[in-house]
Amino acid sequence: MSNRINALVLCGYGLNCDIETAHALELAGAKARRVHINSVIDGSVDLADFQLMVFVGGFSWGDDHGAGVIQAVRMKKNAGEKLLKFVQDGNLVLGICNGFQTLVNLGLLPGFDGDYGGRSVALTFNDCGNFRDDWVHLQVNGSAPCVFTKGLAHMELPVRHGEGKFITDEGVLNRLIRENQVVCRYAGPDGAPADGRFPDNPNGSIHDIAGICDPTGRIFGLMPHPEAFNHPTNYPDWPRRKAFDSRSGGEAKPPPTMGIRLFQQAINYFM
Amino acid sequence: MAHRLEITLKPELLDAEGEGVCKKAAAYFSLPLEGVRTVQVLTIDAELSAAQLEIVRTEIFTNPVTQISSYEPLPIDFDWCVWVGYRPGVRDNPGSTAVEAIQDVLEIRLPRDADVYTSRRYCLAGSRMTRADAELIARELLSNDIIQQVRVFSRSEWDPKTGIGIIIPRVRLDHTPTVTTLPIASDEALKRISDERNLALNVNDMPVIRNYFMDPSVQADRRQMGLSDPTDVELEYISQARSDHCNHNTFQGLFRYTDLDTGQNEVVDNLFDTFIKQPTLTLKEKKDWVVSVLWDNAGVGRFDDDHYYVITGETHNSPSNMEAYGGAITGIVGVYRDPLGTGLGSRLVMGSYGFCVGPRDYDGDLKPRLHPRRLLDGIIEGVRDGGNKSGIPTPFGQVIFDDGYLGKCLVYVTAVGIMPAQAAGAPAELKTTSSGDRVIMCGGRVGKDGIHGVTASSETFSEHTPAGHVQIGDPYTQKKMHDFLLEARDAGLIQFITDNGGGGLSSSVGESARYSGGCEVWLDQVPLKYSGLDQWEIWVSESQERMTVAVKADDVDRFMALSRKHAVESTIIGAYTDTGKLHLTYDGKTCAYINMDFLQSGFPQWEFDAEWRPPAHRGLHEPVLSEPADYSRLLCDLLSRPNIASKEWIVRQYDHEVQGGSVVKSLVGAERDMNSDGTVLRPVLTSNRGLVFAQAMLPMYSAIDAWHMTTCTIDEALRRMLALGADPDHIGGVDNFCWPSIQYDPQKNPDGKFKAAQLVRSCRALAETCLAYGIPLLSGKDSMYVDGHLAGRYGETHKVSALESLQFSTIGVIPDVETAVTMDVKMPGDLVYVLGETRDELGASEYYQCFGYTGANVPKVRHERFMKTYRALHRAIARGLIASAHGIYRGGLGVHLAMIAMGGNHGLSVDIARVFSDDPLRTDHLLFSETPGRFLVSLAPENARAFESLFEPGQFACIGEVTDTAVLNVCRGSNSFISVPVSDLKSAWKMPFGGLI
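Residues numbered from 1 in each chain as written. Chains lettered and ligands numbered in written order. Predicted model: local features only at pLDDT ≥ 70, side-chain atom pairs only at ≥ 80, totals over all residues.

**Description of the overall build of chain A**
When helices and strands are tallied, chain A shows 7 helices and 11 strands. A principal-axis box enclosing the C-alpha atoms of chain A has dimensions of 55 × 45 × 35 Å. Put simply, 76% of the contacts in chain A that link residues at least 6 apart link residues at least 24 apart. (Helix = DSSP H or I, 4+ residues; strand = E, 2+ residues; numbered from the N terminus. Contact = placed C-beta atoms within 7 Å.)

Rendered as structure tokens:
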């Protein structure tokens, strides 16, 4: 495996999902390295050594002035050109939760017409008025160009956020829908979009949007946490499922979890 | 020149915070509030150009998609406007990150006296609202006058040009740091000093202190350093070190215990040594997985060959009672520093909570500082932000409501960490300081925080008086420090690490210097939040988010470079020595010079009289209560009682699966809404090995006997582990005592001797139970004085004491997490068993409380018999024979049958005539007795024979089966007396708090 994909996982300044994100990437087959934001900025770690960069979940700068805002400002100010080059070189960028919030504040999403600098969508306070930890169903848009979700149709993943309500104006929304940049939507157990219903849609996102990609599909941001579904026992129903399986005679080794499969798609992209 | 930036959501967007205020105003006070828009205010006290101001406004503080902003007051319509800002010196976390962001985006360094202050403006719409209504909302929903200042504007009072004005809550002390010498010619003089300075020195300590300073050899040493009489730095240090908080004088005390029934007397010399230390040492001999106990900030157990887990628990009661949010966040963030400061440092992997408060709907005459509803809201939010923003999951917690906690609430916080067995080739559980090592303070800066909370709160507030005695934890600063210190540990740069909590530097440096045998600390080097602190204040300040680290001189440069990379402030403030002296200087001049061994020698033990009156002597007896007829309704009503009811609204606010190792979550079952018995997680992601964790609190039983409160609490915490599949041979415990004052006083504390006896009994029961169950106490803490004086209706005050309370935490290891089981029944047709026997033990039960009775037959633990059942259950789970397991806890069999049915969303058909009991019991007694030692288990019929063969007769009874129809049917022989759809059970269970989010 000498030609494993190198994945950079950002850490520092209050980010907190770096360890499990790196673990999930390793399980998926990548070589993952946790890198402090300041090591990207000061150049002691070179983005050119990586093919995938993950903006992870957490509370960067305490999220005190809007989730992901200060991280975006700091990255843009001090490493903006490196980031753009990384994207233009055909690499992948994934933003999860706080990372998604950062990508939209950086302007890497939605990235219409190659504009990776303007802010046109936002993730703001949940309608329920509180931080919420719950598992959600996601309907995946099979027509989206997103390289991370190729072949995935329906996912269950946990959300854990206070500011995940996706909003934008009607023009941007229509374009996102039209160009299939809406990658995943909050859904009910049947897989149909939640249509705003709480708690299937946990935050009041318009159009039940949980994740979007840029037009190339190489930049993807989502609120739910794929890295938190890295093991079968992360799934809330695993004890029940295990009981059913053992009665029906089947106790086959479970396939990779939905979270790992998402990371695998990113790695397959380079294969 | 200061600038005031106002930011608000675009008018077409929902203001969720404002909506929350509206809902509470309606629900709590029936106020006609029609709408609320919130405005964030940033007061930027810095010289910035118009261009710079515009850059920070647009690039940082305004989201173009969602927000609008202006340096002029935003023209938002209102009937009343309430402005809320911090008092000077209160930790303003968003203010600090705003400074960081401004510096970053403008590429400048702001001068030291520049700062950003955040505040909020609430625009209230409600044409029928009066000023009194607006002030009520301001006081009861939006602010706490201990930390915040408030202004209320009517529409006519509002000047749209000036708005709230420019309010800068900067601390200005205008004080030159001064060391004061305090002559102590007599004990009376020392007493006077103690009273004046609020040192709270114990009178029995005073001669010891005076003798020390009078000792000719001590005086000779001091003269060489230019000192004569003790300095304020020295007396403050001694006061801190001798406080009950730091020194645990109560638990180290001498107790004269008398049983007033038998007349028997005995003396217990040191509760801690006798009932905690000795049993733990005995068990450590037998349990090779116990790695490190009784000396460090937290206890250490073996997780696997390469990793240890670390655990401790704390309380933060008094501060939370004053300022719920600040107290609770400071508590949880503070307890997280204990594992971080254990051994060479451990990574935090989970936290948990236990909240004890007055009834949420209390409407009696007493006036607690904060109404229990508001108190609980604040505590929940404090622990939420402290845990979530630290990136540490909070997968377990409990809440208890009781009138006794109106006087003072309890906020238990527990922390678990994981460390490698070796750090850079050295055993990670060990640490020491050596002469020559540098004393380095990392993390936050020092202010007047936490200094003499009591005196500070009685001072009159001026505009610039720091209100920092009530603290607000800063998880962001601490998370950066946590990441930095673990990297420093792995690089082998740390010799010793400990946290700054109670007593601040005086405690962390004073205690770490015992290893090397001395230290020199340069107080002028300690970084301060604002100038003007006296030397003694720097030494004892309890400012948060600080660790003290010993670093070899040769490693300092690497340590500092790493600190800079992580944007953490670290400062060399002294050096460890082997001089035998604690030596403090300021600008090169000695201000304290004390023998290191002074605090360990010659101080007298505290003494207590303890008088036990058995329940019958106190008039307790079983109630005269006939059997009820309507069991279905009774069961539903029990499920709706606050201490039983669903508290999902709290659980979902807590991130319980960050770090990716969640196995059994807080909420389980078919609808993912039932309380799990405990939690299971994989702290090492590459392994299938897991940690199992649970806690129990049963303070109600203290109304009868704290002995049985203690044994039942430990038994429940143990059963919660076993139900999940934990190995009974590897269970560690953590005891957290919260007790009302036990010092007898005929007027102020007339039942002090009884409460002291309850404490002695509880500690003895703790030792006995832990030895019997083989649970070493890995860590523990005590918090005394859980009493409050509350104003009543007529201007009188009432002393309200809490129930004698113990939270017991259990932790253990499960070799393969995939063998864990959950509480919910899984499949129709599965058999349902009750393990253990049921006795007539309803004293202080939920059932009796429901009718206002206490009763007398308190539940009792029968260790030996129970342990046989526990081992058999463990074997059954390990062999995969079981589909679900759940302990029978508060509310008894009836309530917990409902729980497992709701868990599976299946029905049950059970016959309680088959439940094993010593005597024939009445149906209500069978259903609602809280006899410990019992479980409800379900399993596939084909496993029945193998399962039953593991147990002795009388240990189990098959009482029925899981049914497809989701109805709970309970009969006794031919008499069917409960038939309730599971959905009705759930509605009842969710009724009290189901509407909260």
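Next, the rest of the story.
**A closer look at the overall build of chain B**
Looking only at helices and strands, chain B has 28 helices and 41 strands in total. Taken against the 2.2 N^0.38 rule, which gives 30 Å for 997 residues, the C-alpha radius of gyration of chain B at 29 Å falls within 12% of a compact globule. Projected onto the principal axes, the alpha-carbon positions of chain B cover approximately 85 × 75 × 60 Å. When the 997 residues of chain B are sorted by exposure, 56% land in the buried category. Relative to all contacts within chain B whose residues are 6 or more apart in sequence, the contacts with residues 24 or more apart total 81%. (Rg over C-alpha atoms; globule rule 2.2 N^0.38 Å. Buried ≥ 20, exposed ≤ 12 C-beta atoms within 10 Å, placed from the backbone.)

**Observations concerning the interface of chain B and chain A**
Counting residues at the interface gives 56 residues for chain B and 53 residues for chain A. Looking at which element gives the most residues to the side of chain B that touches chain A, the answer is helix α3 (residues 93-106) of chain B, with 8 residues. In the side of chain B that touches chain A, the residues fall into 23 nonpolar, 14 polar and 19 charged. (Nonpolar A, V, L, I, M, F, W, Y, C, P; charged D, E, K, R; others polar.)

**Here's the deal with helix α2 (residues 50-61) of chain B**
Given a rise of 1.5 Å per residue, 12 residues ought to cover 16 Å, and the 15 Å separating the end C-alpha atoms of α2(B) matches this to within 8%. Taken together, the buried positions of α2(B) are occupied by B:V56, B:E59, B:I60 and B:F61. Take α2(B) and look down its axis: the buried residues cluster within an arc of 145 degrees, on one side only. Exposed and oriented more than 90 degrees from the buried face of α2(B) are B:A50, B:A51 and B:E54. Against the buried residues of α2(B) lie α3 (69-88) of chain A together with β1 (2-9), β2 (35-45), β3 (67-70) and α3 of chain B. (Expected span 1.5 Å × (residues − 1). Arc of directions from axis to C-beta.)

**Digging into the pairing of strand β9 (residues 182-187) of chain A**
Residue and element names in this part refer to chain A. Burial analysis of β9 places 6 of its 6 residues in the buried class, which makes it a mostly covered element. Sheet topology note: the strand β6 (residues 132-140)/β9 ladder contains 4 bridges and is antiparallel. Bridge pairing in β9 places V140 opposite C184. Where β9 meets strand β10 (residues 209-213), 3 bridges bridge the pair, whose relative direction is antiparallel. The partner of C184 across the bridge, within β10, is G211. (Pairing = 2+ DSSP bridges.)

**Let's talk about the sheet that holds strand β34 (residues 805-814) of chain B**
Strands pair in a sheet through their backbones, by hydrogen bonds, and they do so in one of two ways: parallel or antiparallel. Residues and elements named next belong to chain B. Taking strand neighbours across the sheet as the criterion, the 6 strands line up as β25-β28-β29-β34-β30-β31 in an open arrangement whose pairing is mixed. Where the open sheet ends on each side, the last strands, each with one partner, are β25 (662-664) and β31 (777-783). The mean inter-strand angle of the sheet, taken between neighbouring strand axes irrespective of direction, is 20 degrees. Where strand β28 (residues 679-681) meets strand β29 (residues 690-697), 3 bridges bridge the pair, whose relative direction is antiparallel. (Axes fitted to C-alpha atoms, helices over the stretch in contact; angles between N-to-C directions.)

**Quick word on the sheet that holds strand β23 (residues 589-595) of chain B**
Residue and element names in this part refer to chain B. Spatially, β18-β20-β17-β21-β19-β22-β23 is the arrangement adopted by the 7 strands of the open sheet, whose pairing is mixed. Looking at the sheet topology across the chains shown, the edges are occupied by β18 (496-499) and β23. The average undirected angle you get between the axes of adjacent strands in this sheet is 25 degrees. Two elements, strand β22 (residues 581-586) and β23, share 6 bridges in a ladder whose sense is antiparallel. Bridge pairing in β23 links L582 to I594.

**Topic: the pairing of strand β4 (residues 80-86) of chain B**
Residues and elements named next belong to chain B. Extensive coverage of β4 is indicated by the burial of 6 of its 7 residues. Sheet topology note: the β4/strand β5 (residues 115-125) ladder contains 6 bridges and is antiparallel. Across the sheet, residue W83 finds its bridge partner in β5, namely R121. Note that β4 and strand β6 (residues 148-154) share 7 bridges and pair antiparallel. Bridge pairing in β6 links V82 to V152.

**Considerations on the packing of α2(B) against α3(B)**
All names here are of chain B. Viewed as axis vectors pointing N to C, α2 and α3 meet at an angle of 115 degrees, and their least axial separation amounts to 10 Å. As judged from the angle between their axes, α2 and α3 are roughly perpendicular. The crossing of α2 and α3 is right-handed. From α2, Q52, I55, V56, E59 and I60 reach across to α3, where they touch A101, I102, V105 and L106. Among the residues making up the contact of α2 with α3, the classes are represented as 7 nonpolar, 1 polar and 1 charged. (Parallel < 35°, antiparallel > 145°, perpendicular 65-115°, else oblique. Left-handed = near helix turned anticlockwise from the far one by under 90°.)

**A few points about the nonpolar core**
Counting residues in each nonpolar core, the largest one holds 253 residues, and the members touching the most others are B:V416, B:L897, B:A898, B:A901, B:L968 and B:L985. Formed by 127 residues, the second largest nonpolar core is a distinct cluster that contains A:L108, A:V147, B:V36 and B:L142. (Core = buried A, V, L, I, M, F, W, Y, C linked by C-beta atoms within 7 Å.)

**With respect to the environment of B:F255**
Residues and elements named next belong to chain B. Position of F255 relative to the elements: it lies in strand β7 (residues 254-259). Since 23 C-beta atoms lie within 10 Å of it, F255 is described here as buried. Separated by 11 residues in the primary sequence, F255 and E266 have C-alpha atoms spaced 8.2 Å apart. Aside from chain neighbours lying at most four places away, what touches F255 is V268, L271, F608, A610, A756 and V760.

**Some remarks on the packing of helix α19 (residues 631-639) of chain B against helix α25 (residues 892-904) of chain B**
Residues and elements named next belong to chain B. In the contact formed by α19 and α25, the axes pass within 10 Å of each other and the chain directions differ by 75 degrees. As the angle between them shows, α19 and α25 are arranged roughly perpendicular. Between α19 and α25, the contacting residues are L635, L638 and L639 on the first element and G894, V895 and A898 on the second. Tallied by class, the residues present in the contact of α19 with α25 amount to 5 nonpolar, 1 polar and no charged.

**Focus on the confidence of the model for chain B**
Of the residues in chain B, 98% have a pLDDT of 70 or more, and the chain-wide mean is 95. Scoring of the predicted complex yields 0.96 for pTM and 0.97 for ipTM. (pLDDT = per-residue confidence, 0-100.)

**As for helix α22 (residues 752-773) of chain B**
All names here are of chain B. Given a rise of 1.5 Å per residue, 22 residues ought to cover 32 Å, and the 31 Å separating the end C-alpha atoms of α22 matches this to within 8%. For α22, the buried fraction is high: 18 of the 22 residues fall into the buried class. At the C-terminal side of α22, G774 shows a positive phi close to 70 degrees.

**Some points on unusual backbone geometry**
Cis geometry is adopted by the peptide bond preceding A:P110, which originates at A:L109 and carries an omega value of 5 degrees. Among the secondary structure elements, A:P110 is positioned in the loop between α4 (98-106) and β5 (121-124). In the segment running from A:F198 into A:P199, the intervening peptide bond is cis, with an omega of 5 degrees. As for its position among the elements, A:P199 is in the loop between β9 and β10. Not every positive phi belongs to a glycine, and B:L294 is a case in point at roughly 75 degrees. By the secondary structure assignment, B:L294 is in the loop between β9 (290-292) and β10 (299-304). Although it is not a glycine, B:R672 adopts a positive phi angle of roughly 55 degrees. Within the secondary structure, B:R672 is located in the loop between β26 (667-668) and β27 (674-675). Of the residues examined, B:R672 has 16 C-beta atoms within 10 Å and is grouped as partly exposed.

**Quick look at the environment of B:K191**
Residues and elements named next belong to chain B. For K191, the position within the fold is in helix α5 (residues 187-197). With 15 C-beta atoms packed within 10 Å, K191 lands in the partly exposed category. When the C-alpha positions of K191 and M206 are compared, they lie 7.6 Å apart, and in sequence the two are 15 residues distant. Apart from the residues lying within four places of it in its own chain, the contact partners of K191 are V203 and M206.

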